[in-house]
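Report on the structure
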Amino acid sequence: MYRRAMQPRADWPAQLDRIGLTYHSLDGGYWREDVAYEFSGSQIDCLESATASLHRLCVDAVERIIRDDRFADLRIPEEWRPRIIDSWERQEPSLYGRFDFWYDGMGAPKLLEYNADTPTSLIEAAVGQWGWLRDTCPEADQFNSLHERLIGQWGTILEQASSDLLHLVCLDQSDEDRQTVIYLADTANQAGWQVQTLPIEQIGWVPGRQRFVDRRNEPIAVLFKLYPWEWLCQDAFAGDLSRSSMLVLEPAWKQVLSHKGLLALLWEWYPDHPNLLPAFFSGSGECTAYVRKPFWSREGANISIVNGDQVLTTSGPYDAETSVFQQYMPLPRFEGWHPVIGSWVIGDEPAGIGIREDRGLIHGNQSRFVPHYVVKDVPVF
Amino acid sequence: MVKKWPDGPSPGLVAPRLRQSTEVRVSLAAMADGMGEMVWIAAGHSADTMPEAGAISDPGQADGCPDDGVAGDCERGGFGGTGAQFYKPEEGL
């Protein structure tokens, strides 16, 4: 694994605008292609294997959380639990998720968190870096079958759905979310869905019909929401969700996987798993250095790294009182930058990676996206 | 090794599959007024030029609720409130 200097394409902003990655220059430059990460095939095998293994553990974890009634450990309110259990028992389908890994190219990848409910950085991983590869180093390869697998999984979900009309929503304020939803609408449409996008704020509820409707008053039978379940459950329409037959993606059972407390449960059930770090609900166990992560937080907000007397903390709006404590493992450093590997699962399959890097040890919304490529392993004689 | 490359294990030997459907995006943009505000804006229009809700809704539904006898019960704005408390536009991504 190397961080290589690359020659940026002369027209890269226009190239990214064309595919919908319109937020490429936010915060002084979100997308950068003057560098790229190089992997060997065996390193990609390692990441793929870890992704598949952790996905299986996570699916088992949902079953176990429900069976052993571990909701209280996660501080999930009682009124939210029936929806989670019901969606699991109905085997409601999932589209995607993204594991974030510590990885240095040598040791086993370690799970930092699982973005199971509303992962983003999707257009850049699925399309942006693929276009970059074709233009810049077409002789190389890339761990990236995201686009094809998204279309495939949309097709699988379509076979199970009661309608072929899919509504996709997100908050209206976020350009990234909006473009992500439109990209997903594109892939769903290619799989045979009729698609309709709208801001989540415009969804209507008709009590007399016990159904949600869109801006044009069409019933919403299948909803993809780029909006976390823990927010949905606190919104005014939350109680109406259980009265509606609307299928929601990601399903409610993903709520327990996007919860940071999952890290502690996985460690409890699978101690010494090579892709897990020790994690606990209270205290830091035997860890001399640890990271405190709020149960519900996003984009690196309200994170604390405690290493002896040194404490590094980020601000944010989330409740840090309910947190998980995970062993601190400093991110690898490449020329002063710390990468985190985002490894995607589409349906039940590993589907590719995207890399974000930061000069700081806590990644946030200003961490930059960097493309990657894969070279053949050099035979060892 | 399980397939992980979009074009099969021997890149360059197989023509790349289309990874981003320009055709679909164009068709979405062309029918933006029927696709909702997000696609309308993504198609290069500003929110100011977007048709009013009444223009998008069918005649007789200017209040944005179904004209089927239960229109008086229709409620909007019940989703998004919690997220709006956390989202700060200046934070960007």
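In this report, we go over the structure that sits alongside the text. Please read these numbers as outputs of a predicted model, since none were measured by experiment. (Residues numbered from 1 in each chain as written. Chains lettered and ligands numbered in written order. Predicted model: local features only at pLDDT ≥ 70, side-chain atom pairs only at ≥ 80, totals over all residues. Heavy atoms only, no water.)

Some points on the sheet that holds strand 15 (residues 323-327) of chain A
The strand order across the open sheet formed by five strands is 11-15-12-13-14 (chain A), and the pairing between neighbours is antiparallel. The outermost strands of the open sheet, each flanked by one partner alone, are strand 11 (279-280) and strand 14 (310-313) of chain A. (Pairing = 2+ DSSP bridges. Helix = DSSP H or I, 4+ residues; strand = E, 2+ residues; numbered from the N terminus.)

Quick word on the nonpolar core
Residue and element names in this part refer to chain A. Within the largest apolar cluster, 74 residues are counted, with the highest numbers of intra-cluster contacts made by F39, I203, F212, V256, L257, L266 and I341. Per-element accounting of this core gives the leading share, 10 residues, to helix 2 (residues 41-67). Excluding residues within four positions of it along the chain, I341 makes contact with M1, F39, L47, F99, D100, F101, Y103, I353, G354 and I355. Counting residues in each nonpolar core, the second largest holds 46 residues, with L150, A161, L168 and L249 among its members. (Core = buried A, V, L, I, M, F, W, Y, C linked by side-chain atoms within 4.5 Å. Buried < 20%, exposed > 50% of the residue type's maximum accessible area, 1.4 Å probe, protein only. Contact = heavy atoms within 4.5 Å.)

Here's the deal with the pattern of salt bridges
Residue and element names in this part refer to chain A. Evaluated as defined, the whole model comprises 19 salt bridges over all chains. Measuring nitrogen to oxygen at the nearest pair gives 2.7 Å for the salt bridge that ties R90 to D86. D117 is the salt-bridge partner of K225, the closest N and O atoms lying 2.6 Å from each other. Here K225 is found in strand 9 (residues 222-226), whereas its partner D117 is found in the loop between strand 4 (110-115) and helix 4 (122-136), with 108 residues between them in sequence. The burial state of K225 is the same as that of D117; both residues are buried. In the salt-bridge network here, residues are joined through shared partners; they are R3, R32, D34, E335 and E357. (Salt bridge = Lys/Arg side-chain N within 4 Å of Asp/Glu carboxyl O.)

Observations regarding empty space enclosed by the protein
Residues and elements named next belong to chain A. This structure, assessed with the given rule, holds two cavities of 30 Å³ or more. A volume near 30 Å³ is recorded for the second largest cavity. Around the second largest cavity, the lining residues are E113, Y114, L257, S258, H259, K260, L262 and L263. At the level of elements, strand 4 and helix 9 (261-269) are the ones that each hand at least two residues to the lining of the second largest cavity. (1 Å grid on protein atoms, 1.4 Å probe; cavity = no way out; pocket = protein on both sides within 12 Å on 5 of 7 lines; lining within 4 Å. Points joined across faces, edges and corners; volume = space filled by probe spheres on them.)

Some details on the side chain of A:T51
Looking at the element boundaries, A:T51 is found in helix 2. Setting aside anything within four residues of it in sequence, one finds A:T51 in contact with A:F99, A:F101, A:S343, A:W344, A:V345 and A:P350.

Quick look at the packing of helix 5 (residues 146-160) of chain A against helix 6 (residues 175-190) of chain A
The description of two helices packed together rests on the angle between their axes and the distance between the axes. All names here are of chain A. It is the contact of helix 5 with helix 6, at a shortest axis distance of 8 Å, that shows an interaxial angle of 60°. As the angle between them shows, helix 5 and helix 6 are arranged oblique. In the packing of helix 5 onto helix 6, the handedness of the crossing is right-handed. Within the contact between the two elements, helix 5 uses H147, L150, I151 and W154 and helix 6 uses Y183, L184, T187, A188 and Q190. In terms of residue class, the contact of helix 5 with helix 6 is built from six nonpolar, three polar and no charged. (Axes fitted to C-alpha atoms, helices over the stretch in contact; angles between N-to-C directions. Parallel < 35°, antiparallel > 145°, perpendicular 65-115°, else oblique. Left-handed = near helix turned anticlockwise from the far one by under 90°. Nonpolar A, V, L, I, M, F, W, Y, C, P; charged D, E, K, R; others polar.)

A word on the sheet that holds strand 5 (residues 165-170) of chain A
Residue and element names in this part refer to chain A. Reading across the sheet, the four strands line up as 6-5-9-10 and stay open at both edges, with parallel pairing between neighbours. Whereas interior strands pair on both sides, the edge strands pair on one side only; in this sheet they are strand 6 (194-199) and strand 10 (247-249). Neighbour to neighbour, the strand axes of the sheet diverge by 25° on average, direction disregarded. Of the strand pairs in this sheet, strand 5 and strand 9 are connected by five bridges, and their pairing is parallel.

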